[in-house]
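What follows is the residue order along each chain.
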Amino acid sequence: MPPFSPAQREAKELLDHLNSDRRFMLAMDLRPGDMQFLNDHVTLHSRTEYVDHPEPGRRRDLIRLWLSTDQDRQAPS
């Protein structure tokens, strides 16, 4: 991979700065039974650290699901 150009480096630094700006963050406290749906084409998201319960019956069940509709944006090729 070639090195970043000055313009690419500037864009990356700006994106890093905006990603850590609390004005653009939303913290969610998900509770048992909650579901969260995100559109990866328009949402930049991350997760905070999570420590699961040691008891199997209390462990979190995190499932990744890809949904599509006729109105979806086409993924870049």
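Counting starts from 1 at the beginning of each chain's written sequence and moves along it residue by residue. Residues qualify for local features only when their pLDDT is at least 70, as the model is predicted, and side-chain atom pairs are given and counted only at 80 or more; totals for whole chains, interfaces and linings, by contrast, use all residues. Hydrogens and water molecules were not included; the side-chain quantities draw on all heavy atoms of the structure.

1. Some points on the overall build of the chain
- Counting secondary structure elements, the chain contains one helix and zero strands.
- Relative to the 2.2 N^0.38 estimate, which gives 11 Å for 77 residues, the radius of gyration of the chain is 18 Å and therefore markedly larger than a compact globule would have.
- Taken along its principal axes, the extent of the C-alpha atoms in the chain is 50 × 35 × 30 Å.
- Accessibility here uses a 1.4 Å probe with only protein chains present; expressed as a share of the type maximum, an area under 20% marks a residue as buried, one over 50% as exposed, and anything in between as partly exposed. The buried share of the chain, taken over its 77 residues, is 1%.
- Looking at the chain as shown, the accessible area adds up to about 8400 Å², and 54% of this sits on carbon and sulfur atoms.
- In this tally, Lys and Arg are treated as positive and Asp and Glu as negative; His is ignored, and so are the chain termini. Lys charges are placed at NZ, Arg charges at CZ, Asp charges at CG and Glu charges at CD. Put simply, the chain has 11 plus and 13 minus side-chain charges, and the middle of one group is 3 Å from the middle of the other. Here a strand is any run of E in DSSP of at least two residues, a helix any run of H or I of at least four, and the numbering for each starts at the N terminus. This radius of gyration counts C-alpha atoms alone. The globule rule is 2.2 Å times how many residues there are, raised to the power 0.38. Accessible surface is estimated by sampling points in the Shrake-Rupley manner with a 1.4 Å probe; for residues, cover comes only from the protein chains shown.

2. Details of the pattern of salt bridges
- Salt bridge, as used here: a side-chain nitrogen of Lys or Arg that lies within 4 Å of a carboxyl oxygen of Asp or Glu. Inspection of the entire model under this criterion finds four salt bridges.
- Measuring nitrogen to oxygen at the nearest pair gives 2.9 Å for the salt bridge that ties Lys-12 to Asp-16. One end of the pair is Lys-12 and the other is Asp-16, both in helix α1 (residues 6–19) and four residues apart, which spans about a single turn.
- Residue classification places Asp-16 among the partly exposed residues on the basis of a relative accessible area of 39%.
- Here Glu-55 and Arg-58 are joined by a salt bridge, their closest N and O atoms 3.6 Å apart.
- Exposure remark for Arg-58: the relative accessible area of 51% places this residue in the exposed category.

3. Topic: the packing of aromatic side chains
- A pair of aromatic rings is counted whenever rings of Phe, Tyr or Trp (Trp by its six-membered ring) have centres within 6.5 Å, and the orientation is called stacked for planes under 30 degrees apart, edge-to-face for over 60 and tilted otherwise. If you walk through the whole model with that rule in mind, you get zero aromatic pairs.
- Two conditions define a charge located above a ring, namely a distance within 6 Å from the ring centre to NZ of Lys or CZ of Arg, and an angle within 35 degrees of the ring normal. Between Arg-60 and the ring centre of Tyr-50, over which it is positioned, the NZ or CZ distance is 3.8 Å.

4. Topic: a nonpolar patch on the surface
- Among the surface-exposed residues, Met-35, Phe-37, Ile-63, Leu-65 and Leu-67 lie close enough to one another that they form a single nonpolar patch of about 640 Å² accessible area.
- Its place among the elements puts Leu-65 in the segment after α1. Within the patch definition used here, like charges are joined within 9 Å and nonpolar side chains (Val, Leu, Ile, Met, Phe, Trp, Tyr) within 5 Å, considering only residues with over 30% relative accessible area and no salt bridge.

Purely geometric numbers; function is a separate question.
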